[in-house]
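# Examination of the molecular architecture
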Amino acid sequence: MQVVATSDEELMAQVKADNLDQMVPLFERYQGPLFGFLCRLSGGDAEVGQDLTQNVFYRAMKYRASYQTGQPVRAWLYQLARHVHADHWQKSRRQQPTADIDGVERTVGHSRIAQADCQSTDQKQALQEALNLLPAEQREILVLHRFQGFDYTEIGEMLGCTAGAARVKAHRALEALRKIYFS
């Protein structure tokens with residue numbers, strides 16, 4: 001017997017109709033990707049990413065009536081995530097923290113694998129630091145496209161512009177990131 005998965009839009013329509021149990025499969029599908037998105041936007045701070053992810057699902061429940069039937073749920077949830085992130089940083093007025101790599105041991109006795117892992121961690125840290133130096137709008141578009149897999153049409157809908165304009169913004173952001181990363 002084959003189980004047919006219910007689409008995101010069908011689940012959200014049920015949530016909107018106050019069948020709140022249907023939020024569970026949506027949470028299971030999107031919790032990980034939204035956490036990654038929010039964590040990257042928050043400078044690699046996993047604790048902040050986790051808190052913001054919870055706030056996204058809280059808002060999804062609270063504002064379920066604002067969901068437009070037929071609208072892609074994925075885009076709607078990421079739009080909520082963008083607002084949650086903006087609200088968080090606006091309220092806290094803190095500088096974005098950088099990822100903590102102090103836990104990585106650096107002893108002479110490292111094996112080749114440990115050294116390669118250290119280099120990989122250093123490269124990830126350097127990339128995150130370069131992303132943190134970008135203006136928020138550029139960082140967001142790169143994370144949406146490169147790390148979250150949104151196409152330019154979806155990004156354009158979220159940002160209120162055309163797919164072509166989203167592509168240009170992403171290209172400019174990538175060029176800015178290259179300049180920062182390789183300088």
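Description of the structure in this document. (Residues numbered from 1 in each chain as written. Predicted model: local features only at pLDDT ≥ 70, side-chain atom pairs only at ≥ 80, totals over all residues. Heavy atoms only, no water.)

## A short note on the layout of surface pockets
Where we set the bar: Note on definitions: the grid is 1 Å and covers protein atoms alone; a cavity is a set of points where a 1.4 Å probe fits but cannot get out; a pocket is an open set with protein on both sides within 12 Å along at least five of seven lines; lining residues have an atom within 4 Å of a point. Grid points are joined across faces, edges and corners, and a volume is the space filled by probe spheres set on the points. Numbering of helices and strands runs from the N terminus; a helix is a DSSP stretch of H or I covering at least four residues, while a strand is a stretch of E covering at least two.
Taken as a whole, the largest pocket encloses approximately 310 Å³ of empty space. At the level of elements, helix H4 (73–92) and helix H6 (136–147) are the ones that each hand at least two residues to the lining of the largest pocket. Broken down by element, the residue count for the lining of the largest pocket peaks at 6 residues, all from H6.

## Looking at the nonpolar core
Selection rule: We define a nonpolar core as any set of buried Ala, Val, Leu, Ile, Met, Phe, Trp, Tyr and Cys residues linked to one another through side-chain atoms lying within 4.5 Å. The cut-offs for exposure are 20% and 50% of the maximum accessible area for each residue type, with area from a 1.4 Å probe on protein chains only; residues under the lower value are buried, those over the upper are exposed, and the others partly exposed. Between two residues, a contact is recorded if the distance between any of their heavy atoms is within 4.5 Å.
Counting residues in hydrophobic clusters, the biggest one holds 41 residues, and the most contacted among them are Met 12, Leu 34, Phe 37, Val 56 and Leu 77. Elements supplying a minimum of two residues to this core: helix H1 (8–16), helix H2 (23–41), helix H3 (46–62), H4, helix H5 (112–133), H6, helix H7 (152–159) and helix H8 (163–181). Other than its neighbours up to four places away in sequence, Leu 34 contacts Thr 53, Val 56, Phe 57, Leu 77, Tyr 78 and Ala 81.

## Notes on the environment of Leu 177
Along the chain, Leu 177 turns up in helix H8. For Leu 177, a relative accessible area of 10% translates into the label buried. Along the chain, Leu 177 and Leu 133 lie 44 residues apart, while their C-alpha atoms are 8.4 Å from each other. Ignoring any residue separated from it by four or fewer positions in sequence, one finds Leu 177 in contact with Leu 127, Ala 130, Leu 131, Leu 134 and Leu 142.

## Brief notes about the packing of H6 against H7
To keep it simple, the criterion reads: The axes are straight lines fitted to the C-alpha atoms, using for helices just the contacting stretch, and the angles between their N-to-C directions are given from 0 to 180°. Note on convention: the crossing is left-handed when the near helix lies turned anticlockwise from the far helix by less than a right angle, right-handed when the turn is clockwise. Amino acid classes used here: Ala, Val, Leu, Ile, Met, Phe, Trp, Tyr, Cys and Pro are nonpolar; Asp, Glu, Lys and Arg are charged; the rest, including Gly, are polar.
In contact at an axis separation of 10 Å, H6 and H7 are set at 145° when each is read in the N-to-C sense. Taken as a pair, H6 and H7 cross one another with a handedness that is right-handed. Seen from H6, the contacting residues are Glu 140, Ile 141, Leu 144 and His 145; seen from H7, they are Tyr 152, Ile 155, Met 158 and Leu 159. Here the residues of the contact of H6 with H7 are counted per class, giving 6 nonpolar, 1 polar and 1 charged.

## So, unusual backbone geometry
Peptide bonds are, in most cases, trans, and in most cases residues other than glycine have a negative phi. Notably, Asp 18 is not glycine yet its phi reads approximately 70°, a positive angle. Mapped onto the secondary structure, Asp 18 falls in the loop between H1 and H2. Owing to a relative accessible area of 52%, Asp 18 belongs among the exposed residues under this scheme.

## Quick notes on the side chain of Gln 148
The following threshold applies: Pairs of N or O atoms within 3.5 Å make up the polar contacts considered here, provided that, within protein, one atom can donate a hydrogen while the other can accept it, and that residues adjacent in sequence are counted only when both atoms are side-chain atoms.
Considering the arrangement of structural elements, one finds Gln 148 in the loop between H6 and H7. Overall, Gln 148 belongs to the buried group, its relative accessible area being 11%. At 2.5 Å, the side chain of Gln 148 forms a polar contact with the side chain of Tyr 78.

## Description of the packing of aromatic side chains
Remark: the centre distance and the inter-plane angle together describe each pair of aromatic rings, the angle taken between the planes. Test applied: Paired rings are identified among Phe, Tyr and Trp, the last through its six-membered ring, by centres lying within 6.5 Å, and are further divided according to the angle between planes into stacked (under 30 degrees), edge-to-face (over 60) and tilted (the rest). We call a charge positioned over a ring when the NZ of a Lys or the CZ of an Arg lies within 6 Å of the ring centre and within 35 degrees of the ring normal.
Considering all chains together, one arrives at 4 aromatic pairs under this definition. Ring plane angle 65° and centroid distance 5.2 Å describe the contact between Phe 37 and Tyr 78, whose orientation is recorded as edge-to-face. With Phe 37 in helix H2 and Tyr 78 in helix H4, the pair connects residues that are 41 residues apart, well separated along the chain. Comparing Phe 37 with Tyr 78 shows no difference in burial state: the two are buried. The rings of Phe 37, Tyr 78 and Phe 150 are connected pair by pair, giving a single aromatic cluster. When the ring centre of Phe 150 is taken as origin, the NZ or CZ atom of Arg 74, which lies over that ring, is 3.8 Å away.

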